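Read off the chains here:
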Amino acid sequence: MNYNETEEFKRDFKKLLKKFLSLVDDLEVNKQYRIELFHCKEIDSRSIFEIQGVGNTTELKIFKVKKFQCKSLKGRGAKSGVRVIYAYFPIEQKIVFIEIYFKANQKNENRQRIVDFINTTKE
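Before going into details, it helps to say that this report is about the structure given with it.

Inspection of the entire model under this criterion finds 9 aromatic pairs. Ring geometry for tyrosine 3 and phenylalanine 97: centres 5.8 Å apart, planes at 5°, overall stacked. Note that tyrosine 3 is positioned in strand S1 (residues 2–5) and phenylalanine 97 in strand S5 (residues 94–102), a separation of 94 residues in sequence. Of the aromatic side chains, those joined through ring pairs into one cluster are Tyr3, Phe9, Phe13, Phe38, Phe63, Tyr86, Tyr88 and Phe97.

Nonpolar side chains in soluble globular proteins tend to be buried together. If you look at the biggest cluster of nonpolar residues, it comprises 21 residues, and the most contacted ones within it are Phe68, Tyr86, Phe97 and Ile100. Among the elements of the structure, helix H1 (7–19), helix H2 (23–39), strand S3 (61–65), strand S4 (82–89) and S5 are those that each provide at least two residues to this core. Those residues within four positions of isoleucine 100 in sequence are excluded, and the remaining contacts are Phe9, Asp12, Phe13, Leu16, Leu23, Val82, Arg83 and Val84. Phe89, Val96, Ile114 and Ile118 belong to the second largest nonpolar core, which has 13 residues in total.

Topologically, alanine 87 is positioned in strand S4. With a relative accessible area of 0%, alanine 87 lands in the buried category. Note: C-alpha distance between alanine 87 and lysine 67 (20 residues apart in sequence) is 17 Å. With residues up to four places along the chain from it excluded, the contact list for alanine 87 reads Leu60, Lys61, Ile62, Lys94, Ile95, Val96, Ile98 and Phe117.

Here we take up the packing of H1 against H2. At a minimum axis separation of 10 Å, H1 and H2 run at an interaxial angle of 125°. In terms of orientation, H1 lies oblique with respect to H2. Here Phe9, Phe13, Leu16 and Leu17 of H1 lie close against H2, whose contacting residues are Leu23, Val24 and Leu27. Split into classes, the residues belonging to the contact of H1 with H2 amount to 7 nonpolar, no polar and no charged.

Moving on: the side chain of threonine 6. With respect to the helices and strands, threonine 6 occurs in the loop between S1 and H1. Setting aside residues no more than four positions away along its own chain, threonine 6 makes contact with Val96, Phe97, Ile98 and Phe117.

Our next topic: the sheet that holds S3. Strand order in the open sheet formed by 5 strands is S1-S5-S4-S3-S2, and the pairing between neighbours is mixed. Because the sheet does not close on itself, it has two edges, and the strands there are S1 and strand S2 (48–50). On average, adjacent strands in this sheet sit at an angle of 30° to one another, irrespective of strand direction. Both S2 and S3 contribute to a ladder of 3 bridges, which runs antiparallel. Each residue of the ladder has a partner; that of isoleucine 48, found in S3, is valine 65. The sheet contacts of H1 involve S1, S4 and S5, and relative to S5 the element is tilted by about 45°.

Here is what the cut-offs are and how they apply
Residue positions are given per chain, counted from 1 along the sequence in the order it is written. Selection of residues for local features in this predicted model requires a pLDDT of at least 70, selection of side-chain atom pairs for listing and counting requires 80 or more, and totals for whole chains, interfaces and linings are taken over all residues. Calculation of side-chain values draws on the structure's entire complement of heavy atoms; hydrogens and water are dropped beforehand. Pairing of aromatic rings covers Phe, Tyr and the six-membered ring of Trp, with a centre-to-centre limit of 6.5 Å; geometry is then stacked below 30 degrees between planes, edge-to-face above 60, and tilted otherwise. Secondary structure elements follow DSSP: runs of H or I of four or more residues count as helices, runs of E of two or more count as strands, with numbering from the N terminus. What we call a nonpolar core is a set of buried Ala, Val, Leu, Ile, Met, Phe, Trp, Tyr and Cys residues that are connected through their side-chain atoms within 4.5 Å. Only protein chains enter the calculation, and the probe is 1.4 Å; a residue is then buried if its accessible area is under 20% of its type maximum, exposed if over 50%, and partly exposed in between. Residues count as neighbours in contact if any of their non-hydrogen atoms are within 4.5 Å of one another. Only C-alpha atoms enter the line fits that serve as axes; for helices the fit covers just the stretch in contact. Angles between N-to-C directions range over 0 to 180 degrees. Roughly parallel covers angles under 35 degrees, roughly antiparallel covers those over 145, roughly perpendicular covers 65 to 115, and oblique covers all other angles. Gly is put with the polar residues, along with every residue not named as nonpolar or charged; the nonpolar set is Ala, Val, Leu, Ile, Met, Phe, Trp, Tyr, Cys and Pro, and the charged set is Asp, Glu, Lys and Arg. Think of it this way: DSSP has to see at least two bridges between two strands before they count as a pair.

Dropping the structure here:
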């Protein structure tokens, strides 16, 4: 699986990293044990959900990781409140991270950012 990040994701990540120091390791663990198992092995841990209504096609699908385990949030386990939005390109086996946010600071994903990302991939 190939991973990339948008510039917006990098900014979000850097901002959250100041608050949650374990985020670098947490993202790697979630890549391996949630994202790759879900897409490569088709093992559904009920932590990844497809976002509907944003132009999903057979070439591109948008997903949200809800049960993101964060070590910096001790005692909360998978209910950390950290959310990750990413685009999955099934044919290329590629993932592009679009957004990461803490649910206490932001209620839902930025739909406009997702639409903008989809529009830039079509160009």
